[in-house]
Structures are given as structure tokens and as C-alpha cells.
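# An overview of the molecular structure
Residues per chain, in single letters:
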Amino acid sequence: MARYAFLRGEFVPMEQAKIGISTHAFLYGTACFEGIRGYWSAKEEELFVFRLREHYQRLLDSCKIMRITPKYSLDELCDITIQVLAKCGDRTDVYIRPVYYKSSETIGVKLTGLEDDFLVFAVPFGEYLDISKGLRCRVSSWLHSEDNAIPTRAKINGVYINPALAKTEALDDGYDEAIFLSKSGHVAEGSAENFFMVRQGRLITPPVTTGLLEGITRNTVMELAEDLGIPVVERLIDRSELYLCDEAFLTGTGAQISPIVEVDHRPVGDGKIGPISAKLQQLYFQVVKGEVPRYRHWCTPVYKK
Ligand SMILES: Cc1ncc(COP(=O)(O)O)c(C=O)c1O
């Protein structure tokens, strides 16, 4: 089936969606992006885009930090995305990648006096991490970027060198994922995921001021946990708590809810996927497919049958 992208204000076939080699964003990483999932519901024969507006609000926030002048409103961005998906006509889960970028073809590192453009495309997508067996993680030897070096609450393309280094180190050493510590030595996040642990029945996650991305899945999980009566605490997490917690998992649009079973060769809890992680994971997969009426407003239908 033909695939379409939106680039330079037009819907174009994917194979024609190209940018020049001297594009500023390519040369300097001066762009910001989102990762959004669409979930196919076989039951309803519908593709549901999860928390579309929240992702585009975060993209607009990233634009503000990056001095990108958005030419489309929140509603227009959502609408363009739904049109791209409708044109592609997928009947499977998809991953959507919108990018606002410095589109001038020019040399010179700065953020102002440049043109900005928006593009979006989508690809069929399965699991990003193997969520069935639990992840083996290592604490990264790479420190996490700091907000006053490269703003961490914006999803800036150039910042992804930091997670790419950490993830590659973890994979090279035989692990599945990396866990970043901040400069102060506290747990920050995974390579492209937020971190949660369970201790004595409480769900604990680092505060957003630890220099991490304000994850939309993180927010979703916190709401679902409260619904399930699981107390949620935002506080700093020490490295040694990674070794003593009862359960741990990573959250993200790609990772969804990915349980961790081992950190630095120490089993998490008894080394199996814990009950709170499993419960949240089960509810999450119902929610994203539009099966929970209370959260149906988070799911934007593409085909509206
Ligand atoms: C660095 C980083 N942290 C956390 C997340 C999780 O964010 P979200 O749940 O909004 O996808 C991501 C993925 O987007 C990420 O790249």
C-alpha cells in the first residue's frame, strides 16, 4: 500500500519526501520531534491514536524552547496527522513521527534567522522493547544530559546522542536497556523511557526536575495507578534503591510499560515481572485500544467508522 508523508505543506508519497543535505536540522540536530503511537483495534476495526493532543502540545512546547515558530496550530497538527494516517490506510499498530525543524539550507550554528518547517510520517510498528520477558538493565557510565546543557523537557533531536551512547553501551555489554543517573547521582530515566519502581506497595518515580522528559506515558501510568488505588510518590531515587526495590519498569510511547527484572546483575524483587507492573501493563493495553470508557477521550479514531 502507498505510504504518505506531510512535508513543505503538502501530502506527498513517502519516496518523494526528501530534504536537502545542507538542511540546518541535519547538520546541527536543530529540530524537535514526537513519537506517537496508533493502536489498531480489531474489535472496532479502528486505528486509535493515543494522546495525540498531549503529544502535539509537548511538540509546541519544544518549539518554544528551540525558537521554532510553529506555522500550524494544535488543532491543525492533529488534523494533518489524522489525514496522513487515513491516506496510509494501515490496519495495524503504527508509530507516528512528527518533526518541527530548522529547514534553511545553510551553515552556521544558531537558532534564529532560519526558516522552520513541519513534517510528519508514520510507519507500521510493533514492540520497541521485548515486554514479555522483562528487561536486564545496567546503570549507564554516561551521565544524563542536564537541563541547562541541552533542555531535557524538550524532545530535541540533537539530545538523542546521549541516549544513543548509553543504549549502545548497554547492548554491547549484553543488556537490554540503560538507566541514566543524573549528575547528582540520582536515577533519571532510561534511554528513551521514564523510570518507575515499587517499594512497599508504593509506586515511586523521579520528579520532573531531575532533568528528564515529562513523559506522556509516565503521566498516564500515574493516573492509572491512582485509579487502581496504588499510591504514587515523586521523589529522588538513589542508585542502591535500584537493587532493593520490589518491582521496576520503564514507560514510554515506544516502550509502553516494560518491566525490569534485573539491574547490574541484581534481580529486581524475585527476578520475575511483579504484580503491580503486570496489573498496570494489562490496564494500559486496554486503555490505548479505546476499551476503557473513562479514558476513551485519550484515543483519537482515524477512520471514524
Ligand atoms: C528521553 C525520553 N524519556 C522519556 C520518554 C517517554 O516519553 P513518552 O511517554 O511521552 O513517550 C521518551 C520517549 O519519548 C524519551 O525519549
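Rules behind the numbers
Residues numbered from 1 in each chain as written. Predicted model: local features only at pLDDT ≥ 70, side-chain atom pairs only at ≥ 80, totals over all residues. Heavy atoms only, no water. Helix = DSSP H or I, 4+ residues; strand = E, 2+ residues; numbered from the N terminus. Rg over C-alpha atoms; globule rule 2.2 N^0.38 Å. Buried < 20%, exposed > 50% of the residue type's maximum accessible area, 1.4 Å probe, protein only. Contact = heavy atoms within 4.5 Å. Areas by Shrake-Rupley, 256 points an atom, 1.4 Å probe, with all protein chains shown as cover. Lys, Arg positive; Asp, Glu negative; His and termini not counted. Charge placed at Lys NZ, Arg CZ, Asp CG, Glu CD. 1 Å grid on protein atoms, 1.4 Å probe; cavity = no way out; pocket = protein on both sides within 12 Å on 5 of 7 lines; lining within 4 Å. Points joined across faces, edges and corners; volume = space filled by probe spheres on them. Domains from an automatic or database assignment. Phe/Tyr/Trp six-rings, centres within 6.5 Å; stacked < 30°, edge-to-face > 60°.

## What to know about the overall build of the chain
Per the secondary structure count, the chain includes seven helices and 17 strands. Taken over C-alpha atoms, the radius of gyration comes to 19 Å for the chain, in line with the 19 Å a tight globule of 305 residues would show. Considered along the principal axes of its C-alpha atoms, the chain spans approximately 55 × 50 × 30 Å. When each of the 305 residues of the chain is scored for burial, the buried share is 54%. Counting contacts in the chain only where the partners sit at least 6 residues apart, residues at least 24 apart contribute 71% of the total. Surface summary for the chain: the accessible area is close to 13,600 Å², and the carbon and sulfur share equals 53%. Counting 36 positive and 41 negative side-chain charges, the chain places the centres of these two groups 1 Å from one another.

## Notes on the layout of surface pockets
Its boundaries defined by the atoms lining it, the largest pocket holds a volume of some 600 Å³. If you go around the largest pocket, you meet 38 residues; those closest to its centre are K155, Y160, S191, A192 and E193. Counting residues per element, the ones that place at least two in the lining of the largest pocket are helix 2 (52–65), strand 6 (94–102), helix 4 (161–172), strand 10 (187–190), helix 5 (216–227) and strand 14 (247–252). A per-element tally of the lining of the largest pocket places helix 4 first, with four residues. Looking at the lining of the largest pocket, you find at least three residues from each of domain 1 (4–124) and domain 2 (135–288).

## Quick look at the packing of aromatic side chains
Tallied over the entire structure, the rule returns 14 aromatic pairs. Summarising the aromatic geometry, the rings of W40 and Y303 are spaced 6.4 Å apart at their centres and angled 70° between planes, so their arrangement reads as edge-to-face. Placement of the pair is W40 in strand 4 (residues 36–41) and Y303 in the segment after strand 17 (299–301), with a sequence separation of 263 residues. When the centroid spacing of 5.9 Å and the interplanar angle of 70° are considered together, the rings of Y284 and F285 count as edge-to-face. Clustering of aromatic rings is evident, with ring pairs tying together F6, F11, Y56, Y72, Y100 and F118.

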